[in-house]
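So the chains spell out like this:
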Amino acid sequence: MNGDDAMELEMGVEDLLNKRKLESDRIEFKTGWNPDDIYHSVCAFANDYNNDGGGYIVVGVEEENGVAKRPVKGLPEYMLDSIQKDMLGYNNLISPPYFPQGIPAEVDGKWIFVIVVRTGQQRPYKSPEHVTSKKEKKYNYYIRYQTSSVKANSEQERELINMSDQTPFDCRANHKATFEDISPVLLEDHLRKTGSKLAKQVRERGVEEILNDMQLLVGPPELRYIQNVAIMMFCEHPEKFFGYTYVQMTSFPKGSIENPSISEDFPNITGSVPQMIQATMERFRNLIIREKVIKVPNQMEALRIFNYPYQAIEEAVVNAFYHRDYMSFEPITIEIEPDCINIMNFPGIDRSISEKTIAEGKRFVSRYYRNRRLGEFLKELDLSEGHSSGIPTIQEELEKNGSPRAEFFTDEDRRAMRIRIPIHPAFLEADDQVSLSDSYEKATKKLSKKKIEQYDKILKLLNDGEWHKTAEIAENLGLKDTRTKELLKELIVLDKLIDNGKTKGKLYRLK
């Protein structure tokens, strides 16, 4: 073993031994290899109760007046390999398993062993009271108290658990990314778009300082880690760190269930999250979204409608990126069907939102946000809605376009989330559709018997000349509100009904 291994330390060995550049309670000296005692400190530093950024355990060094006694006592060279082998077993005894970094270093002509313990991403951690014991092990939470590692009391345990619950994934440190992975161009572009004065400083001061100003770095001063959200926003290849971070889009012109063999796979969309959102929406605008301009009888202005309103699609796409689990091995999947668009992301909606609320498709208020800071960035770019208003925005945009409401689906285990956005009825190619230029008599000649019967039921119910609610009409027909609203809109187009013009509390009666 040679002294070059000391190069792996992110700070000089002398700084470590003299407790320079970092707080003294973050360094612990151990004369010899005593795993039972040392692993209490590994657990305590990993729990990082005081949010200091973890710590260092230096084995083979005696302490004198708060700093290392020189020359160091050192360790026999043969012990260095055996310590690393022992650690593999002890690391797995921590619950959940935790793997600190072990670095041999040569000082004063002798070997020491430095254990670098960063804040654990899966804290809180428990460690056996005696890792070397062969008997059934008793586990405890350990925390740092001044310069010692002690058992956490019940109140401190609760605080540890709350600390882990309050760290969204996008705010956690990424231990693989370097500052070279952050694109100065993307960073500057974002700051310019959001009107930040930092935009002009990126080239002069560098990525690290700007990210620090934006509070996107985690860890102690001598080793700063980049938060996941900075990689999502400012890295051109986030898939290097979060697998399957891309958009997969497929078109099924004859239907994925009816004829799945006829399909068209578009090239996958990659890049930073804002780049992927922009590229996805450009593809929708250029290839999918279509407009119809229809002259309505007895009306000056023509009616402009879209098969899918742009704003509703954009909100659904952004929603998928916002709520995605960036450690899942599934891309965001978009399927273009003849009558709808399905947008899927993994996992599903968290369990704080009931199945009833999901089925209603109104407003989802979650107690837990996986990527809270990402949502803030997207909101700054006017891409995301705040205060859980994304779902209402989708529904409002669809209603303004005269489209049916979007539907939301998740499975029992909440493994996936699917938003179904239906096409405007005027763009369906099926025969059983109403044209805005049709008269009622013309329409009933080409419609199915079933639809004509539904029309007749509605007209009969509303024959009293009074205003009627959608729910009342739907109950009379034995249909869902969504389907009933489609029929009512068609009868308005056919000049048989009128509504009261309200978005909420809409009422209908015969014209």
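Residues numbered from 1 in each chain as written. Predicted model: local features only at pLDDT ≥ 70, side-chain atom pairs only at ≥ 80, totals over all residues. Heavy atoms only, no water.

Novice: Mind laying out the overall build of the protein chain, listing which residues take part and the relevant values?
Specialist: If you tally the helices and strands in the protein chain, you get 17 helices and 23 strands. Relative to its full complement of 511 residues, the protein chain shows a buried share of 48%. Within the protein chain, counting contacts between residues at least 6 apart in sequence, those at least 24 apart form 63% of the total. Here the protein chain has roughly 26300 Å² of accessible surface; of this, 47% comes from carbon and sulfur atoms. (Helix = DSSP H or I, 4+ residues; strand = E, 2+ residues; numbered from the N terminus. Buried < 20%, exposed > 50% of the residue type's maximum accessible area, 1.4 Å probe, protein only. Contact = heavy atoms within 4.5 Å. Areas by Shrake-Rupley, 256 points an atom, 1.4 Å probe, with all protein chains shown as cover.)

Novice: Residues and numbers for the pairing of strand E1 (residues 27-30), please.
Specialist: The side chains of a regular strand alternate, first on one face of the sheet and then on the other. Residues Ile-27 and Phe-29 line one face of E1 and the alternating positions Glu-28 and Lys-30 line the opposite face, and both faces are buried. Strand direction decides the pairing type here: E1 and strand E2 (residues 55-59), joined by four bridges, are parallel. The residue of E2 that forms the bridge with Lys-30 is Val-59. (Pairing = 2+ DSSP bridges.)

Novice: Can you tell me about helix H12 (residues 372-380), naming the residues and giving the values?
Specialist: Buried within H12 we find Arg-373, Leu-374, Gly-375, Phe-377 and Leu-378. Residues of H12 that are buried sit in contact with helix H5 (184-193), strand E12 (225-227), helix H8 (228-234), helix H9 (273-288) and helix H10 (310-323).

Novice: Can you explain the pattern of salt bridges? Please cite residues and give values.
Specialist: Here the structure, examined in full by the defined rule, presents 20 salt bridges. Among the ionic pairs, Arg-205 bridges to Glu-209, the shortest N-O distance being 3.0 Å. Classification of Arg-205 as partly exposed rests on a relative accessible area of 26%. The exposure class assigned to Glu-209 is partly exposed, which follows from its relative accessible area of 41%. Look at the salt bridges and you will find they share partners, linking Glu-28, Lys-30, Asp-37 and Arg-144 into a network. (Salt bridge = Lys/Arg side-chain N within 4 Å of Asp/Glu carboxyl O.)

Novice: Hey, could you go over a negative patch on the surface for me, with residue numbers and the actual values?
Specialist: On the surface, Asp-464, Glu-466, Glu-472 and Glu-475 cluster together into a negatively charged patch. Among the structural elements, Asp-464 can be located in the loop between helix H15 (449-461) and strand E21 (468-469). (Patch = residues over 30% accessible without salt bridge, like charges linked within 9 Å, V, L, I, M, F, W, Y side chains within 5 Å. Lys, Arg positive; Asp, Glu negative; His and termini not counted. Charge placed at Lys NZ, Arg CZ, Asp CG, Glu CD.)

Novice: Go over the nonpolar core with me, naming the residues and quoting the values.
Specialist: Leu-211, Phe-234 and Phe-284 are the most contacted members of the largest nonpolar core, which totals 68 residues. Per-element tally for this core: the top contributor is H10, with seven residues. Setting aside residues up to four positions removed in sequence, Phe-284 forms contacts with Met-249, Ile-289, Ile-313, Val-317, Ile-334, Ile-336 and Ile-341. The next biggest cluster of nonpolar side chains, apart from the first, holds 25 residues, and it includes Trp-33, Val-42, Ile-57 and Tyr-125. (Core = buried A, V, L, I, M, F, W, Y, C linked by side-chain atoms within 4.5 Å.)

Novice: Tell me about the sheet that holds strand E7 (residues 126-128), residues and numbers included.
Specialist: The strand order E7-E8-E9 describes an open sheet built from three strands, whose pairing is antiparallel. The open sheet has two free edges, formed respectively by E7 and strand E9 (148-151), since each of these has just one partner strand. Pairwise comparison of adjacent strand axes, ignoring direction, gives a mean angle of 55° for this sheet. Lying over the sheet, helix H2 (residues 35-47) contacts E7, strand E8 (139-145) and E9, oriented at roughly 70° with respect to E8. (Axes fitted to C-alpha atoms, helices over the stretch in contact; angles between N-to-C directions.)

Novice: So what about the packing of H15 against helix H16 (residues 470-477)? Which residues, and what values?
Specialist: Put simply, H15 and H16 touch, their axes get as near as 10 Å, and they point 130° apart. One way to sum up the angle between H15 and H16 is to call them oblique. Considering only the axes of H15 and H16, their crossing is right-handed. Touching Gln-454, Lys-457, Ile-458 and Leu-461 of H15 are Glu-472, Ile-473, Asn-476 and Leu-477, all from H16. For the contact of H15 with H16, a count of residues per class yields four nonpolar, two polar and two charged. (Parallel < 35°, antiparallel > 145°, perpendicular 65-115°, else oblique. Left-handed = near helix turned anticlockwise from the far one by under 90°. Nonpolar A, V, L, I, M, F, W, Y, C, P; charged D, E, K, R; others polar.)

Novice: Go over the sheet that holds strand E23 (residues 507-510) with me, naming the residues and quoting the values.
Specialist: An order of E21-E23-E22 is seen for the three strands of this open sheet, with the pairing classed as antiparallel. The open sheet is flanked by E21 and strand E22 (497-499), the only strands paired with a single partner. Two elements, E21 and E23, share two bridges in a ladder whose sense is antiparallel. Along E23, the bridge assignment pairs Lys-469 with Leu-507.

Novice: Give me the lowdown on the packing of H9 against H10, citing residues and values where you can.
Specialist: Packed helix pairs are characterised by how far apart their axes lie and by the angle those axes make with each other. Running from N to C, H9 and H10 cross one another at 150°; their axes reach a closest spacing of 10 Å. Here H9 lies roughly antiparallel to H10, going by the angle between them. Of the two possible hands of crossing, H9 and H10 adopt the one that is right-handed. Residues Val-273, Met-276, Ile-277, Thr-280, Met-281, Phe-284 and Arg-285 of H9 lie in contact with H10, whose contacting residues are Tyr-310, Ile-313, Glu-314, Val-317, Val-318 and Phe-321. The residue inventory of the contact of H9 with H10, partitioned by class, reads 10 nonpolar, one polar and two charged.

Novice: Describe the pairing of strand E13 (residues 247-251), with residues and values.
Specialist: Taken across its five residues, E13 has four buried, putting it largely inside the fold. Pairing of E13 with strand E17 (residues 332-336) involves five bridges; the strand directions are parallel. The residue of E17 that forms the bridge with Met-249 is Ile-334. Bridging between E13 and strand E14 (residues 264-265) involves two bridges; their strand directions are antiparallel. If you follow Ser-251 over to E14, its bridge partner there is Glu-264.

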